[in-house]
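An overview of the molecular structure
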Amino acid sequence: MTEASKPVLTGGCQCGAVRFALTAAPNKISICHCRMCQKASGAPFASFADINRTDFAWTKREPSAFRSSSIAMRDFCEACGTPLSFRRIGGERIEIMTGAFDRPDHVVPTRQYGTESRLGWVVGIANLPSQTTQQNYGPEKMATIVSHQHPDHD
């Protein structure tokens, strides 16, 4: 990515120590239910935006990495532990976890992989009773919470 390139999408870790930018839209956006992605994300599935390496740059500090298999690395923030990416060793693309984007609503999954490990209850999530955070905690408690999370912008 060149300095003259204008970012299309930006993001980073929870504490703000690691930041990234894209200069082109992702190739595809997907959800992976495989057991390795479940463990790497600490969640029932992971969601990734597939990006050409030439359209991607770490703009603030490089993340740490874990070799999760013989073919792949997973990047994460060493300071706060946020999982950030999946990438094939020597590959031309990187897959960034959609929750790490400043605007995750702009990276909508259109495909699922690893469905042999999809948890049976995942399909019913949309039908579960729900509340906003304010409804859950109430306005008094919400007024006392101070976030230490990096804002969703540079």
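Overview of the structure. (Residues numbered from 1 in each chain as written. Predicted model: local features only at pLDDT ≥ 70, side-chain atom pairs only at ≥ 80, totals over all residues. Heavy atoms only, no water.)

1. Some points on unusual backbone geometry
In the Ramachandran plot, arginine 61 falls in the positive-phi region, its phi being about 55 degrees despite a non-glycine side chain. As for its position among the elements, arginine 61 is in the loop between β5 (56-60) and β6 (64-67). A relative accessible area of 48% means that arginine 61 is categorised as partly exposed. (Helix = DSSP H or I, 4+ residues; strand = E, 2+ residues; numbered from the N terminus. Buried < 20%, exposed > 50% of the residue type's maximum accessible area, 1.4 Å probe, protein only.)

2. Points about the sheet that holds strand β3 (residues 28-32)
Here we have 7 strands laid out as an open sheet, ordered β6-β7-β8-β9-β4-β3-β10, and mixed in their pairing. This sheet does not close on itself; its edge strands, each paired only once, are β6 and β10 (111-113). Within this sheet the neighbouring strands show an average axis-to-axis angle of 30 degrees, counted without direction. (Pairing = 2+ DSSP bridges. Axes fitted to C-alpha atoms, helices over the stretch in contact; angles between N-to-C directions.)

3. Observations concerning the sheet that holds β5
Taken together, the 3 strands give an open sheet; going across it, the order is β1-β2-β5, and neighbouring strands pair in antiparallel fashion. Edge positions in the sheet fall to β1 (9-12) and β5, since each has one partner strand and no second. The sheet shows a mean angle of 25 degrees between the axes of neighbouring strands, taken without regard to direction. Two strands pair when backbone bridges link them, and β1 and strand β2 (residues 19-22) are joined in this way by 4 bridges, in the antiparallel orientation. If you follow glycine 11 over to β2, its bridge partner there is phenylalanine 20.

4. Overview of the pattern of salt bridges
A side chain with one charge may pair with a side chain of the opposite charge, provided their charged atoms come close. The tally for this structure, following the rule as stated, stands at 5 salt bridges. Close ionic contact of arginine 19 with aspartate 102 constitutes a salt bridge, the shortest N to O distance being 2.7 Å. Of this pair, arginine 19 sits in strand β2 while aspartate 102 sits in the loop between β9 (93-97) and β10; the two residues are 83 residues apart in sequence, bridging distant segments of the chain. Of the two residues examined, arginine 19 and aspartate 102, each falls in the buried class. A salt bridge links arginine 103 to aspartate 105; its shortest N-O distance comes to 2.6 Å. In this structure arginine 103 comes out as partly exposed when scored by relative accessible area, which is 42%. (Salt bridge = Lys/Arg side-chain N within 4 Å of Asp/Glu carboxyl O.)

5. Examining a nonpolar patch on the surface
On the surface, Leu119, Trp121, Ile125 and Leu128 cluster together into a nonpolar patch covering about 390 Å² of accessible area. Mapped onto the secondary structure, tryptophan 121 falls in the loop between β10 and α2 (133-137). According to the relative accessible area criterion, tryptophan 121 is exposed, its value standing at 52%. (Patch = residues over 30% accessible without salt bridge, like charges linked within 9 Å, V, L, I, M, F, W, Y side chains within 5 Å. Areas by Shrake-Rupley, 256 points an atom, 1.4 Å probe, with all protein chains shown as cover.)

6. A few points about the side chain of arginine 19
Taking the relative accessible area as the measure of exposure, arginine 19 reaches 2% and is therefore buried. A polar contact is formed between the side chain of arginine 19 and the side chain of aspartate 102, at a distance of 2.7 Å. Side chain to side chain, arginine 19 and aspartate 154 meet in a polar contact 2.5 Å long. Those residues in contact with arginine 19 that lie beyond four places of it in its chain are Thr10, Gly11, Gly12, Ala57, Trp58, Thr59, Lys60, Asp102, His150, His153 and Asp154. (Polar contact = N/O pair within 3.5 Å; in protein donor to acceptor, adjacent residues only side chain to side chain. Contact = heavy atoms within 4.5 Å.)

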